[in-house]
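# Architecture at a glance
Each chain, letter by letter, is given below.
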Amino acid sequence: MTTFTPAIPEDVLSVVQWAAGEEMPLEICGHGSKRGIGRPVQAEHTLDLSQLSGVTLYEPAELVLSARAGTPLAEIETLLKLSNQELAFEPLDYGPLLGGERGRGTIGGVLAANLAGPRRLKAGAARDHILGISAVSGRGEAFKAGGRVVKNVTGYDLSKGVAGSWGTLAAFTDVTFKVLPAAETETTLVVRGLLDDLAAAAMAVAMGSSAEVSSAAHLPEGIAKTVADGILGSEPATLLRVEGFGPSVAYRLGHLKQLLAAAGEMQELEHETSKALWRDVRDCIPFADGSDLPVWRLSLAPASAHAFVLALRMRAAVSAFYDWQGGLVWLRMEAGEPEAETVRTLIKQFGGGHATLVRASMPVRASTDIFEPQPPALAALSARLKAEFDPKNILNPGRIVAGAH
Amino acid sequence: MSGLVMPKPDAATLARRAEIVADMRIIVPGEGVVDAVNGMRAFESDGLTAYRQLPLVVVLPETVAQVSRILKYCNDRNIRVVPRGSGTSLSGGALPLEDAVLVVMSRFNRVLEIDYPNRVVVAQPGVTNLGITHAVEQEGFYYAPDPSSQIACSIGGNVAENSGGVHCLKYGLTANNVLGIEMVLMNGEVVRLGGKHLDAEGYDLLGIMTGSEGLLGVVTEVTVRILKKPETARALLIGFPTSEEGGQCVADIIAAGIIPGGMEMMDRPAIHAAEAFVHAGYPLDVEALLIVELDGPGVEVDHLISAVEAIALRNGSTTCRISQNEQERMTFWAGRKAAFPAVGRISPDYYCMDGTIPRKELPRVLAGMRSLSEQYGLGVANVFHAGDGNLHPLILYDANVPGELDKAEAFGSDILRLCVEVGGVLTGEHGVGVEKRDLMPEMFSQTDLDQQMRVKCAFDPNHLLNPGKVFPQLRRCAELGRMHVHAGQLAFPDIPRF
């Protein structure tokens, strides 16, 4: 049982070359902040990239930042803030949900898990902002893909291809992200008292308007009080975030209030309060209860997600709330069973999507498909891709699929 | 063709042409198979017209089942396939091969579903880019990526090329606006990636497919995000005495936290050609002309117009006009949008390049281009997606003068080498195709290219789909798959550990 802690890319290469030669599986990790997600990796040795750290290039006017894969996300966010910039996809922090600290995680992990936040609707996920990578494949070869400019179609977009691969295709050594100016200000319009179906309709109206709503979430009865230190109270709260330059935010907010005048009682949350609120929604604070009750993260077609949840409630005891206009559903299974088959059968009936079991006890994780199983042709294609990157199956074996990637 | 080597045609396939044509007629009955030279002539080239080649046969399937059968048939018999959308590629991505079946997707021309609550359109791949906007504009929606060929180019082709456009700094490329596809693999299997929901349940195959230039699969359905049209748009037309000042203005706009809907720059030769053609009222005494378009609610646009105007003045602008109405905004754009044909008027032929550079390197790259221009004795005019550093140098030449096309291509290659040298890339939005294929080693090592080809092997292990594009040298998948490790010879790595 050895933990390798290389501090330079060359040493990452030699560890993986050694492991490939010996056919010795490696668990790849950064801070380990997302170690609780995915199937438990069976590897004798660990490749810990947290010492492979440091921002190597940051040019605010070029909207670009490069860093070693093990650079703390928090360090990058602090640096960007000095130039009023940010990672626009606001990567979520799994720490609180998984019983860890807030503010951990590396930039490599952001890409490996393809993290996103409430702004996913407008700004995309990590996959939409990654410009280039350097990495070591399971073959023990150092390769690069992409570049450092925001517009590039030279060759296959392998930087996107490794987004969300959970360390099973390659160990990243360097990543380059597009960065963007942070909004000057933000305000959240809260519509109160809506049931899930009406909230879905209200969010669709808002997202389909020219108010340029950047995030839309719905916290049902009882969930609302668990965010932002309880300032919302318990009543259902439908949250619509408007960001940008001051005069524009004020104007668009007015437009939105007119559009939704008949929907229900409204309140506004300004700048810092709004930010705190969305941070809690982002990080799934409503279910960060210190327990290991199973938590699912589902991506569905936004307009039918509430109907899915209603159907699920008939079959299982669940708590649920919605982000991404309803398309991101967080579920806590109150009876302790993940009910994977029920959840996934219903997803197919309600327009398709996928479910990831992001929190569960160790025995449940070992015996459940954590990631959505794919149809045979697609599963075979994914397996072939894995084999092309990692033919000996030494990188995070079994993290995504039992017995394989 | 000037020095382009394509894969050697397979003699056995050529000898079986009549049989293959007959079998294609069984798979696609009716008018869907074209084998007469006159009929195939229309397909011998794409937007990169310097290269022409008649295909083995042209097939225009109408159903997914037909596409699947065609690909499986060809896969089983080792016959090459070239997919084609509208044929507007500027890099030769749809250039036929003598021994390949050309699968033309233009009959897949229906919008299948418009879903406003989920803000998506599901379309067949042959629907044009603009056709998607047309389908939803009565409700005030549009599809954001707007390549300049948008009136003709197909959405399937946009996926293949990861097409951009003038608005992509703010609204993203095709990859950021496509939610799902259905595609057929070379072995005939039909797979669906994504849908109306976001992100993938496994590997981001959709991300790999977008921009894969028709080498990995044939797209048969596309789901795209639609957006509400901005309330208003206004533009500034700003002239600078030097490109440095223009470039600094762009940097300062972004540093001020402003991401314009569009930000385009032209150099002196492009300004003069455009002005002579469309009389847009462009100033002729400047070295760089910047068009900055701001879109959104009127109050926001007004606010940002004054901010940009102030930044321009601080950077030494000598002229700054602000559009007062929609007609004036269109006039500002008219010259930029007509830049290519305008250059076509001052030169018998032009060759359009597509490198991207870190923006701060603009003065250095422009200076390098000027000296290359002298060296080759050919003129060059530049239009530039200034926000994202995507350069379109237009090299002026005369194809009727022996040797000038070769000279223009060599000039173009030198420009792209310069782009890579300053930290940029070979292509920002036009694709590698055949055009930049042999320049790939300027940007990628053999190891980098091998890993990309291994991705190809996962999708199409026999290299039958669109071979001869993107990769300078095709290596067999069996060879690529070999592991070059020396078990037992590597020492336990001497890395800090605990």
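What counts as what
Residues numbered from 1 in each chain as written. Chains lettered and ligands numbered in written order. Predicted model: local features only at pLDDT ≥ 70, side-chain atom pairs only at ≥ 80, totals over all residues. Heavy atoms only, no water. UniProt positions renumbered as here; feature names shortened; annotations may be inferred. Helix = DSSP H or I, 4+ residues; strand = E, 2+ residues; numbered from the N terminus. Pairing = 2+ DSSP bridges. Axes fitted to C-alpha atoms, helices over the stretch in contact; angles between N-to-C directions. Parallel < 35°, antiparallel > 145°, perpendicular 65-115°, else oblique. Left-handed = near helix turned anticlockwise from the far one by under 90°. Contact = heavy atoms within 4.5 Å. Nonpolar A, V, L, I, M, F, W, Y, C, P; charged D, E, K, R; others polar. Buried < 20%, exposed > 50% of the residue type's maximum accessible area, 1.4 Å probe, protein only. Disulfide = S-S within 2.5 Å. Phe/Tyr/Trp six-rings, centres within 6.5 Å; stacked < 30°, edge-to-face > 60°. Lys NZ or Arg CZ within 6 Å of the ring centre and 35° of its normal.

## So, the UniProt feature "domain: FAD-binding PCMH-type" (unreviewed entry) in chain A
Here the UniProt feature "domain: FAD-binding PCMH-type" (unreviewed entry) sits at residues 1-182 of chain A. For the annotated span residues 1-182 of chain A, helix accounts for 23% and strand for 25% of the residues, and the straight-line distance between the end C-alpha atoms is 44 Å.

## Quick word on the sheet that holds strand 1 (residues 3-4) of chain A
Residue and element names in this part refer to chain A. Taken together, 3 strands build an open sheet; the order of strands is 1-3-2 and the sheet is parallel. Of all the strands in the sheet, just strand 1 and strand 2 (26-29) have a single pairing partner and so form its edges. In the sheet, strand 2 pairs with strand 3 (residues 45-48) via 4 bridges, with the strands oriented parallel. When the sheet's bridge partners are listed, Leu26 is paired in strand 3 with His45.

## Describing the packing of helix 2 (residues 17-27) of chain B against helix 4 (residues 64-76) of chain B
Packed helices, taken two at a time, are described by the angle between their axes plus the distance between the axes. Residue and element names in this part refer to chain B. With their axes 10 Å apart at the nearest point, helix 2 and helix 4 run at an angle of 155° to one another. When the axis of helix 2 is compared with that of helix 4, the two are roughly antiparallel. Handedness of the helix 2/helix 4 crossing: right-handed. Side by side, helix 2 and helix 4 meet where Glu19, Ile20, Asp23, Met24 and Ile27 of the first sit next to Gln66, Arg69, Ile70, Tyr73 and Cys74 of the second. Taken together, the residues of the contact of helix 2 with helix 4 break down into 6 nonpolar, 1 polar and 3 charged.

## Regarding the UniProt feature "domain: FAD-binding PCMH-type" (unreviewed entry) in chain B
Mapped onto this numbering, the UniProt entry gives "domain: FAD-binding PCMH-type" (unreviewed entry) at residues 51-229 of chain B. Across residues 51-229 of chain B, the secondary structure splits into 23% helix and 26% strand, with the terminal C-alpha atoms separated by 39 Å.

## Brief notes about the environment of Leu87(A)
Residues and elements named next belong to chain A. By the element assignment, Leu87 lies in the loop between strand 6 (85-86) and helix 3 (107-112). For Leu87, a relative accessible area of 4% corresponds to the buried category. Those residues in contact with Leu87 that sit more than four places away from it in its chain are Leu73, Leu80, Ile107, Arg119, Phe177, Lys178 and Val179.

## Structural notes on the state of the cysteines
Residue and element names in this part refer to chain B. Across all of its chains, the model carries 1 disulfide over all chains by this definition. One disulfide in the model links Cys457 with Cys477; its S-S distance is 2.0 Å. Sign of the S-S torsion, about -90° for the bond between Cys457 and Cys477, identifies this disulfide as left-handed. Residue Cys457 is found in helix 18 (residues 446-459), and its partner Cys477 is found in helix 19 (residues 477-481); the two are separated by 20 residues along the sequence. Neither Cys457 nor Cys477 differs from the other in exposure class; each is buried. The closest cysteine sulfur to the non-disulfide-bonded Cys352 is located on Cys419, 12 Å from its own sulfur. The class of Cys352 is buried, set by a relative accessible area of 12%.

## Side note on the packing of aromatic side chains
The tally for this structure, following the rule as stated, stands at 12 aromatic pairs over all chains. In this structure an aromatic cluster arises from ring pairing among Phe287(A), Phe321(A) and Trp330(A). Over the ring of Trp333(B) we find Lys337(B), and its NZ or CZ is 5.7 Å from the ring centre.

## Describing the environment of Leu14(B)
Residue and element names in this part refer to chain B. Summarising the element assignment, Leu14 is placed in helix 1 (residues 11-15). On the basis of relative accessible area, Leu14 is assigned to the partly exposed category, the value being 30%. Considering only alpha carbons, one finds Leu14 and Ala100, 86 residues apart in sequence, at a separation of 9.0 Å. Non-local contacts of Leu14, meaning those with residues more than four positions away in its chain, are made with Pro9, Leu56, Glu98 and Asp99.

## Some details on unusual backbone geometry
Of note, Gln325(A) is a non-glycine position whose phi angle comes to about 65°, a positive value. Residue placement: Gln325(A) occurs in the loop between strand 16 (318-323) and strand 17 (328-333). Although it is not a glycine, Asn162(B) adopts a positive phi angle of roughly 50°. As for its position among the elements, Asn162(B) is in the loop between helix 6 (155-161) and helix 7 (168-171). Judged by its relative accessible area of 3%, Asn162(B) is buried.

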